[in-house]
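# A look at the structure
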Amino acid sequence: MNASVAGRMIEIDGATRIYGVIGNPVVHSLSPAMHNLAFQQAGINARYLPFHVKPSHLTEAVQGFVAQGVQGFNSTLPHKEALLKLMDWVDSEAMLMGAVNTVRIEPDGSLSGFNTDADGFYLAMQSRFPAHMQDAEVIVLGAGGAARGVLAGLAKGGVNRITLANRTLSRAEHLLDTMTGPGLAKVDRRAIPLVSEKLPLETCTLIVNTTSAGMHGESLSVVDMHRLPPGAVVVDIIYIPPCTPFLHAAQKCGLNVLNGLDMLIYQGARSFQIWTDMEMPVALVRTHLEHLLGSRAPHA
């Protein structure tokens, strides 16, 4: 049996190692395309598959992976937080964020949990805008699970101040209270309601949308891009579509923009390294995924 990866053929046999991603839903994930290309380029006999797992079946799914010899897997919504309690060992990043997005199944069947989201955001910013985190004043929109990785990544980058804006203020306050690692402890942090007049846009040099607004064409009209200073960086962690209304509005004002594709790639590269001790070919993967996105999701 064989399968095609990026136009080339790889053999699948009894020695093929299995990895995957679990989510609900998971059908639109780009992770299989990313990791299968990386395995191909590294000459590793492995395949990466999407697994649709409902929350009520999470424990059984993980036990099934162990029983069937799966080597490791990623998790996306809504499983990251629930996975934490199923792990036998958890790294400091996952403990800080209270969530696991990468699992390595050890030879003895034990489960090691990691979170690569912070590295994903940090490295994405370093690759595109390396000077825009150190001592920056940042606004983060949204206080859901995605915000956790962004906050930890910002701490790695040495930002000066973080304003976390969310429609439900108590949720933003709770998130800041529960993320108290040494990196974040040094950052001036505050929570505010997601209301236009409350956002300190005039002094903001970096703004990050971690909400789902824009995934289906919704706009974030609460953010007046004209109030941001020239040279500010506007980030949306959504990558389908590649240019959300949020980013399109920023482009019209001449601001720097970045979507979530690089964050996806770099968090995946860290997972790949955890599983294989090898570097992912990031540039090649980016080109491949940009091609797929160009055919799957039109620019706004």
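Only a predicted model underlies this, so the values are computations on that prediction, with no experimental measurement involved. (Residues numbered from 1 in each chain as written. Predicted model: local features only at pLDDT ≥ 70, side-chain atom pairs only at ≥ 80, totals over all residues. Heavy atoms only, no water.)

As a further point, take the environment of Val21. Examined against the element boundaries, Val21 turns out to sit in strand S3 (residues 17-23). On the accessibility criterion, Val21 (3% relative accessible area) is buried. Setting aside residues no more than four positions away along its own chain, Val21 makes contact with Val26, Ser29, Pro32, Tyr48, Leu49, Pro50, Phe51, Asn74 and Thr76. (Helix = DSSP H or I, 4+ residues; strand = E, 2+ residues; numbered from the N terminus. Buried < 20%, exposed > 50% of the residue type's maximum accessible area, 1.4 Å probe, protein only. Contact = heavy atoms within 4.5 Å.)

On inspection of all chains with the given rule, the structure shows 11 salt bridges. For Glu106, the salt bridge identified is with Arg104, shortest N-O distance 2.9 Å. (Salt bridge = Lys/Arg side-chain N within 4 Å of Asp/Glu carboxyl O.)

Moving on to the side chain of Asn209. Assignment of secondary structure puts Asn209 in strand S12 (residues 206-209). At 3.3 Å, the side chain of Asn209 and the side chain of Asp236 are in polar contact. Discounting chain neighbours no more than four positions away, the residues touching Asn209 are Leu141, Leu220, Val235, Asp236, Ile237 and Phe246. (Polar contact = N/O pair within 3.5 Å; in protein donor to acceptor, adjacent residues only side chain to side chain.)

With that settled, the discussion passes to the packing of aromatic side chains. The tally for this structure, following the rule as stated, stands at 7 aromatic pairs. Taking the centre distance of 6.2 Å and the plane angle of 45 degrees together, the rings of Tyr48 and Trp275 count as tilted. With Tyr48 in strand S4 (residues 46-52) and Trp275 in helix H10 (residues 261-276), the pair connects residues that are 227 residues apart, well separated along the chain. Assessed through its relative accessible area of 1%, Tyr48 is described here as buried. Relative to Phe73, the ring of Phe65 has its centre 5.1 Å away and its plane inclined at 55 degrees; by these criteria the two rings are tilted. The rings of Tyr19, Phe39, Tyr48, Phe272 and Trp275 are connected pair by pair, giving a single aromatic cluster. (Phe/Tyr/Trp six-rings, centres within 6.5 Å; stacked < 30°, edge-to-face > 60°.)

Looking at the element boundaries, Met133 is found in the loop between helix H5 (117-128) and strand S9 (137-141). In this structure Met133 comes out as buried when scored by relative accessible area, which is 1%. When the C-alpha atoms of Met133 and Gly158 are compared, they prove to be 6.2 Å apart, with 25 residues separating the residues in sequence. Discounting residues that sit within four places of it in the chain, Met133 has contacts with Phe121, Tyr122, Met125, Gln126, Gly153, Leu154, Gly157, Gly158, Val159 and Leu206.

With their axes 7 Å apart at the nearest point, H5 and helix H6 (residues 145-156) run at an angle of 55 degrees to one another. Relative to H6, the element H5 lies oblique. With respect to the hand of their crossing, H5 and H6 are arranged in right-handed fashion. Facing Asp117, Ala118, Asp119, Phe121 and Tyr122 of H5, the residues of H6 in contact are Gly149, Val150, Ala152, Gly153, Leu154 and Lys156. When its residues are assigned to classes, the contact of H5 with H6 shows 6 nonpolar, 2 polar and 3 charged. (Axes fitted to C-alpha atoms, helices over the stretch in contact; angles between N-to-C directions. Parallel < 35°, antiparallel > 145°, perpendicular 65-115°, else oblique. Left-handed = near helix turned anticlockwise from the far one by under 90°. Nonpolar A, V, L, I, M, F, W, Y, C, P; charged D, E, K, R; others polar.)

Another point: the state of the cysteines. Scanning all chains against the criterion turns up 0 disulfides. No disulfide involves Cys204; its sulfur sits 13 Å from the nearest other cysteine sulfur, which is in Cys253. Assessed through its relative accessible area of 1%, Cys204 is described here as buried. The cysteine Cys243 is free of any disulfide, with Cys253 supplying the nearest cysteine sulfur at 13 Å. (Disulfide = S-S within 2.5 Å.)

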